[in-house]
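# Structural overview for review
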Amino acid sequence: MRAQRQTIARNVAERLFAAEAALDIAAARIAELNAALPLARLDARLSAAIGQDAFASSASAMVLMAETRERIVATHANLKRASDDMGLTEVSYGDLLKVRGAISEPASQHLRAV
């Protein structure tokens, strides 16, 4: 049963990492678009009113992307807690460096039933 749970956990982790990467790529592309819009207006010598709606909606999309990324980071933390609760140990894949304190962690380790 433990091997089956580890296989399932790896499967979920792979999808989580893929989702995190996709969100980062999408955020970068939206940021590129947000940078290109005002420069395109300047290059074309257009009035600031031209394309303002497009600029505003693209900027809004970036805010939503940041919120979505924050939620997937929280999902990552929640899945880590679930994995710990199930007694599954970490394996050697994923990010090599973890930022301590970026996600609220328990102040101390407590004993748990395994």
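Residues numbered from 1 in each chain as written. Predicted model: local features only at pLDDT ≥ 70, side-chain atom pairs only at ≥ 80, totals over all residues. Heavy atoms only, no water.

As recorded by an unreviewed UniProt entry, the chain carries the name ABC-type uncharacterized transport system YnjBCD permease subunit and is attributed to Sphingobium scionense.

## Let's talk about the overall build of the chain
What the chain contains, in helices and strands, is 2 helices and 0 strands. Within the span of the chain, comprising 114 residues, buried residues form 13% of the whole. Put simply, the chain shows about 9000 Å² of open surface, and 61% of that area lies on carbon and sulfur atoms. (Helix = DSSP H or I, 4+ residues; strand = E, 2+ residues; numbered from the N terminus. Buried < 20%, exposed > 50% of the residue type's maximum accessible area, 1.4 Å probe, protein only. Areas by Shrake-Rupley, 256 points an atom, 1.4 Å probe, with all protein chains shown as cover.)

## A look at the side chain of S58
For S58, the position within the fold is in helix α2 (residues 52-85). Residue classification places S58 among the buried positions, given a relative accessible area of 7%. Ignoring sequence-local partners within four residues, the contact set of S58 consists of I30, L33, N34 and L37. (Contact = heavy atoms within 4.5 Å.)

## A few points about helix α1 (residues 2-44)
With 43 residues, α1 ought to run about 63 Å at 1.5 Å a step, and its terminal C-alpha atoms sit 62 Å apart, in line with that. Of all the positions in α1, only A13, L16, E20, L23, A27, I30 and N34 are classed as buried. Packed against the buried residues of α1 are α2. Just beyond α1, the residue with positive phi is R45, at close to 55 degrees. (Expected span 1.5 Å × (residues − 1).)

## Examining a nonpolar patch on the surface
On the surface, a cluster of nonpolar side chains totalling about 230 Å² of accessible area is made up of I8, V12 and L79. Assignment of secondary structure puts L79 in helix α2. (Patch = residues over 30% accessible without salt bridge, like charges linked within 9 Å, V, L, I, M, F, W, Y side chains within 5 Å. Salt bridge = Lys/Arg side-chain N within 4 Å of Asp/Glu carboxyl O.)

## A word on the packing of α1 against α2
A pair of packed helices is characterised by two quantities: the angle between their axes and the separation of those axes. Running from N to C, α1 and α2 cross one another at 160 degrees; their axes reach a closest spacing of 9 Å. Between α1 and α2, the crossing angle belongs to the class labelled roughly antiparallel. In this structure, α1 meets α2 at a crossing whose hand is left-handed. Residues that form the contact of α1 with α2 fall into these classes: 20 nonpolar, 4 polar and 3 charged. (Axes fitted to C-alpha atoms, helices over the stretch in contact; angles between N-to-C directions. Parallel < 35°, antiparallel > 145°, perpendicular 65-115°, else oblique. Left-handed = near helix turned anticlockwise from the far one by under 90°. Nonpolar A, V, L, I, M, F, W, Y, C, P; charged D, E, K, R; others polar.)

## Thoughts on unusual backbone geometry
The phi dihedral of R45 falls on the positive side, at around 55 degrees, and the residue is not glycine. Following the sequence through the fold, R45 ends up in the loop between α1 and α2.

## Examining the nonpolar core
Within the largest apolar cluster, 6 residues are counted, these being L16, L23, A27, I30, M65 and I72. Secondary-structure elements contributing two or more residues to this core are α1 and α2. No other element matches α1, which puts 4 residues into this core. Contacts of I72, omitting those with residues within four sequence positions, involve L16, A19, E20 and L23. (Core = buried A, V, L, I, M, F, W, Y, C linked by side-chain atoms within 4.5 Å.)

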